[in-house]
Amino acid sequence: MTQAILIRYDEIGIKGKNRPDFVRQLVANIRRATGLSKDAVQIEWGRIYLHPSGDPQKLRERLSMVFGVRSFSVVLVVPHELERMREAAVELARRAVARGARTFKIEARRSFKAFPLNSMEINQELGRAILRALPELRVDVHAPDVTIEVEVRHEGVFLCSERIAGPGGLPVGVAGRALLLLSGGIDSPVAGWMLMKRGVAVDAVYFHSPPYVGEKAKEKVLELGRVLARWRAEALTVYVPCFTEIQVEVSRVAPPSLWTILFRRFMHRVAERIAERYGYGALATGESLGQVASQTMENLACVDAVTRMLVLRPLIGWDKAEIVRLAREIGTYEISILPYEDCCVLFAPRHPETHARPERVEAIEAHLEVPRLVEGALDRLEVFSVTEREISPVTASPST
Amino acid sequence: MRREVYLDNNATTPVAPEVVEAMAPYWHERFGNPSSAHRKGVEAERAVRMSRATIARLLGVNENEVIFTSGGTEGDNLAIKGVARALRRRGMHILTTRIEHPAVLESCRDLEAEGFRVTYLDVDAEGMVTPEAVEAALTPETILVSIMHVNNELGTILPISEIAERVKRRNPEIVVHSDGVQAIGKTPVDLGWVDLYTISGHKIHAPKGTGALIVREGVRLVPLLSGGGQERGLRSGTENVAGIVGLARALELMYEDLEGKLAYFRTLRERFLEGVRRIPGARINSPERSVSTTVNVSFPGVPAEVLLHALEEEGVFASTGAACASRKRRRSHVLEAVHLPPEVIDSSVRFSFSRYTTVEDIEWAVHALHRAVERLALGPSARR
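Residues numbered from 1 in each chain as written. Chains lettered and ligands numbered in written order. Predicted model: local features only at pLDDT ≥ 70, side-chain atom pairs only at ≥ 80, totals over all residues. Heavy atoms only, no water.

### Looking at the overall build of chain B
Within chain B, the regular secondary structure consists of 14 helices and 12 strands. In terms of overall size, chain B behaves like a compact globule, its C-alpha atoms giving a radius of gyration of 21 Å where 384 residues would be expected to give roughly 21 Å. Along the first, second and third principal axes, the C-alpha set of chain B runs to 65 × 55 × 35 Å. Here chain B, with 384 residues, has 59% of them falling under the buried criterion. Considering only contacts in chain B between residues 6 or more positions apart, those separated by 24 or more positions represent 73%. Accessible area of chain B: about 16000 Å², with a carbon and sulfur share of 51%. Of the side-chain charges in chain B, 48 are positive and 50 negative, and the distance between the mean point of each set is 3 Å. (Helix = DSSP H or I, 4+ residues; strand = E, 2+ residues; numbered from the N terminus. Rg over C-alpha atoms; globule rule 2.2 N^0.38 Å. Buried < 20%, exposed > 50% of the residue type's maximum accessible area, 1.4 Å probe, protein only. Contact = heavy atoms within 4.5 Å. Areas by Shrake-Rupley, 256 points an atom, 1.4 Å probe, with all protein chains shown as cover. Lys, Arg positive; Asp, Glu negative; His and termini not counted. Charge placed at Lys NZ, Arg CZ, Asp CG, Glu CD.)

### Some remarks on helix H13 (residues 358-365) of chain A
Residue and element names in this part refer to chain A. Every buried residue of H13 is listed here: Val361, Ile364 and Glu365. Seen along its axis, H13 keeps its buried residues to an arc of 100°; they face one direction. Where the residues of H13 are buried, they touch helix H7 (244-253), helix H8 (256-278), helix H9 (297-304) and helix H14 (370-379). (Arc of directions from axis to C-beta.)

### Overview of the domain arrangement of chain A
Residue and element names in this part refer to chain A. With domains assigned, chain A is organised as domain 1 (2-165) and domain 2 (177-394). The C-alpha-based centres of domain 1 and domain 2 are spaced at 43 Å. In this assembly, 6 residues from domain 1 lie in contact with 8 residues from domain 2. Between domain 1 and domain 2, roughly 720 Å² of surface is buried when both sides are summed, and carbon and sulfur atoms account for 64% of that area. Its largest share of buried area at the contact with domain 2, domain 1 owes to Arg32, Met65 and Phe67, together 80% of the area lost on that side. If you look at where domain 1 meets domain 2, you find 1 salt bridge. Salt-bridge contacts for Arg62 lead to Glu388; the nearest nitrogen and oxygen are separated by 3.1 Å. Joining domain 1 to domain 2, the criterion identifies 1 residue pair in polar contact (both at pLDDT 80 or more). Here the side of domain 1 that touches domain 2 is built from residues that sort into 2 nonpolar, 2 polar and 2 charged. (Domains from an automatic or database assignment. Buried area = accessible area lost by both parts, 1.4 Å probe. Salt bridge = Lys/Arg side-chain N within 4 Å of Asp/Glu carboxyl O. Polar contact = N/O pair within 3.5 Å; in protein donor to acceptor, adjacent residues only side chain to side chain. Nonpolar A, V, L, I, M, F, W, Y, C, P; charged D, E, K, R; others polar.)

### Here's the deal with the sheet that holds strand S12 (residues 348-352) of chain B
Residues and elements named next belong to chain B. The strand order S9-S10-S12 describes an open sheet built from 3 strands, whose pairing is antiparallel. Two strands lie at the open edges of the sheet, namely strand S9 (283-284) and S12, each paired on one side alone. Pairing geometry for S9 and strand S10 (residues 294-298), over 2 bridges, is antiparallel. Considered in S10, the bridge of Arg283 is made with Ser298. Relative to the sheet, helix H9 (residues 258-277) contacts S9, S10 and S12, its axis offset from that of S10 by approximately 10°. (Pairing = 2+ DSSP bridges. Axes fitted to C-alpha atoms, helices over the stretch in contact; angles between N-to-C directions.)

### Brief notes about the packing of aromatic side chains
All told, the structure shown has 11 aromatic pairs over all chains when counted by the stated rule. Each ring, one from A:Phe243 and one from A:Phe263, has its centre 6.2 Å from the other, and the planes form 75°; the classification is edge-to-face. One end of the pair, A:Phe243, is in the loop between strand S12 (236-240) and H7; the other, A:Phe263, is in helix H8, and 20 residues separate them in sequence. The same class applies to A:Phe243 and to A:Phe263, which are both buried. On the basis of an interplanar angle of 70° and a centroid distance of 5.5 Å, the ring pair of B:Phe272 and B:Phe353 is categorised as edge-to-face. Here B:Phe353 lies in the loop between S12 and helix H14 (359-378) and B:Phe272 lies in helix H9, a separation of 81 residues in the sequence. By relative accessible area, which is 0% here, B:Phe272 ends up buried. Lying across the ring of A:Tyr280, A:Arg177 places its NZ or CZ 4.2 Å from the centre. Here A:Arg269 stacks its cationic end above the ring of A:Phe266, 5.0 Å away from the centre of that ring. (Phe/Tyr/Trp six-rings, centres within 6.5 Å; stacked < 30°, edge-to-face > 60°. Lys NZ or Arg CZ within 6 Å of the ring centre and 35° of its normal.)

### Describing a negative patch on the surface
Together, B:Glu18, B:Glu21, B:Glu256, B:Asp257 and B:Glu259 make up a region of like negative charge exposed at the surface. With respect to the element layout, B:Glu21 can be found in helix H1 (residues 17-23). (Patch = residues over 30% accessible without salt bridge, like charges linked within 9 Å, V, L, I, M, F, W, Y side chains within 5 Å.)

### So, the pairing of strand S11 (residues 201-205) of chain A
Residue and element names in this part refer to chain A. Counting buried residues in S11 gives 5 out of 5 residues, a clear majority hidden from the surface. Both faces of S11 are covered, namely the face carrying Ala201, Asp203 and Val205 and the face carrying Val202 and Ala204. As defined by bridge partners, strand S10 (residues 177-181) adjoins S11 across 5 bridges and the pair is classed as parallel. Residue pairing in the sheet places Leu180 in a bridge with Ala204 of S11. Handedness of the S10-helix H5 (residues 187-197)-S11 crossover: right-handed. The sheet contact formed by S11 and S12 spans 2 bridges and is parallel. (Right-handed = clockwise from strand over helix to strand, strands pointing away.)

### Regarding the interface of chain B and chain A
Across the boundary between the two partners, chain B contributes 14 residues, which contact 11 residues of chain A. Summing both sides of the interface, chain B and chain A together bury roughly 1100 Å²; the carbon and sulfur share of this comes to 46%. Ranking the residues of chain B by area buried against chain A places B:Arg46, B:Met50 and B:Arg57 at the top, with a combined share of 41%. At the surface where chain B touches chain A, the tally comes to 5 salt bridges. A salt bridge links B:Glu63 to A:Arg226, with the nearest nitrogen and oxygen atoms 2.7 Å apart.

### Looking at the packing of H7(A) against H8(A)
Residues and elements named next belong to chain A. The geometry of H7 relative to H8 is characterised by a closest axis approach of 10 Å and an angle of 145° between their N-to-C directions. Of the two elements, H7 crosses H8, and the hand of that crossing is right-handed. Packed against H7, whose contacting residues are Ile246, Gln247, Val250 and Ser251, the element H8 presents Trp259, Leu262, Phe263, Phe266 and Val270 at the interface. Of the residues belonging to the contact of H7 with H8, the class tally is 7 nonpolar, 2 polar and no charged. (Left-handed = near helix turned anticlockwise from the far one by under 90°.)

### Some points on the pairing of strand S16 (residues 391-394) of chain A
Residue and element names in this part refer to chain A. By the bridge criterion, 4 bridges tie strand S15 (residues 382-386) to S16 in an arrangement that is antiparallel. Residue pairing across strands places Val386 opposite Ile391, the latter belonging to S16. The hairpin formed by S15 and S16 contains 4 residues between the paired strands.

### Structural notes on the domain arrangement of chain B
Residue and element names in this part refer to chain B. Annotation of chain B at the domain level lists domain 1 (5-13 + 257-378) and domain 2 (17-255). Counting from both sides, the interface comprises 30 residues of domain 1 and, opposite them, 35 residues of domain 2. Between domain 1 and domain 2, a total of about 3000 Å² is buried, with carbon and sulfur atoms accounting for 55% of that surface. Across the contact surface, domain 1 and domain 2 share 0 salt bridges. At the boundary of domain 1 and domain 2, one finds 17 residue pairs in polar contact (both at pLDDT 80 or more). When residues of the side of domain 1 that touches domain 2 are traced back to their parent elements, those giving at least two are H9, S10 and helix H12 (333-337). Residue composition of the side of domain 1 that touches domain 2, grouped by class: 12 nonpolar, 13 polar and 5 charged.

This is the structure we're talking about:
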């Protein structure tokens, strides 16, 4: 009797040509998250089996963070012999009793038709064995405390008693790459997480404004990146352009009510340049409609007007309370609320314009050397590679 | 050079070279105060944060559940006094055992002076406490159970996961603390229902003055130190950055192939026991269910201090009972608690191994022990 982990993934929507890519990416991500070797991963039709050398329970937390995993179970694997199957079923029932189960049922499936018993007969045989070994258990086919699933497959018989939910979604990497505008706030990390859940490989850009904003604010964003990196299965890159000159120039020529919209237009311009340089298919932000005064439809349109690139806003229809709930769940909330000012807060006017007219904004930008300012922000681009275990500066940054 | 065989690793351990290397940048270059807002501060704070993440990952807890301390004594004090003072309105009863480290026992004595009632559970001949015995001693007034994971003198492994589960099933409000100072790296640690867990750096090849208390989410503690509010307000004082980096590195080294290390310790223990059993009069005090790194053995009739001096002449360093008790010439409270006869206690010597202990060390020590016992059993110091 050996133990393995059975991973189930959703096949809806990934029929046909995408399927092999999906599975390949999922397996690669699982291996990165768990550190398992190639030999420890077995791919069968519609299934992935892991054969960890140590305690399979230890992989639970890791697997619950791999997008694309719908659910997983610790399974006992035995050969096509009724006696071995009985032993395994009794073992699972014993574990369930230890957890407090009183009733059970067996749910057998037989895809290996050469096996002499059909699924009904397997149910009866194993059920009897359990009742004999553990008289305190009773059968309940409607609402059992534990369901022991038995699958008789060509390669062996697999038994499990517990399905642990995975995060669902698509494996990170199958849906392209996006560059997330990551501030220190609550929303943007959540937006990044949601895109990763849809299979997007997300990296981030943070606009740093020394000396108006200190190192702590930057470190806070890197720390947010570290939390997101757990879900990415790979290092997350954080690009840190220097935003100071843009903020100083904008605040010199524009009325305070237009600062926010102008800053955002510059951020998107700079982000688009980084995206082009490093090969991202979209920008992403944590904006939701009307959530703060500046995030109105007019303002979003006014920002989108400066770039040609697709801008993904996964939180667009979300309430603040919903965003906060998810931020807590994924572990970014506690970091986001740390009190270090990000660049938006410091240069935040008291009454931002809610209905920015593009002509007016453009008229002000005519007083600014827009291309030079964008280039200037990129001249001093810092790049960090962030994993769950390490934050390290990347020195070589290929320039255009 | 004369051969030195250090078999007193339960007292303290040499700092691992890898640990020294990991700490090196944090003395003179990255010396910043983690609370400072500038880069020097941020890089020090990052080092503390990454160390915390490493320890959390290895112990299977959340990052915010790791509180850095100055070591085992502080961890035990913070856990026991912290919980008692936070929960005194709920009840005034504490449950512990007679074989705890003085840091636990003396913390309990201090609390008795504050009006708390403490039950010191008896142990069996192996130093074992059963979950049933713990459950039976709970009262409606009980707020805290503190039971060590591995005993420092005998090496006994106590079933803390089972004990914690028992206690929590009876009353989930009771806080469970365990002193894991002698357990980390010597037996698998599965905290399960345990709320508070003390670890110390210098027992696992990190420097003295380092340690951590694991404080599971939702456990309320009154801090011992007032000040700048570091460590979630539970342990004010500028972080020992280099020490913290060293602690994390040491734990990481411990957990690199822990299974392999435990197997190696078993080999050492078997070799040692094999040799010791051939010495006339040897009596093994450590139970079967103990960590492989601790062997407590007596040679009735041979006074332990004299035996230690004789061993030291051959370059072998071991200890009698607990290091602190030996000075006062008081009998070990642990060995008394397991009801060993006085002549067995007075001749008991503890040998404790580490991953730096070699099979040759063990053989050298066994020979030295054999010669010393034969000499002393006949000499003037025997049978007073």
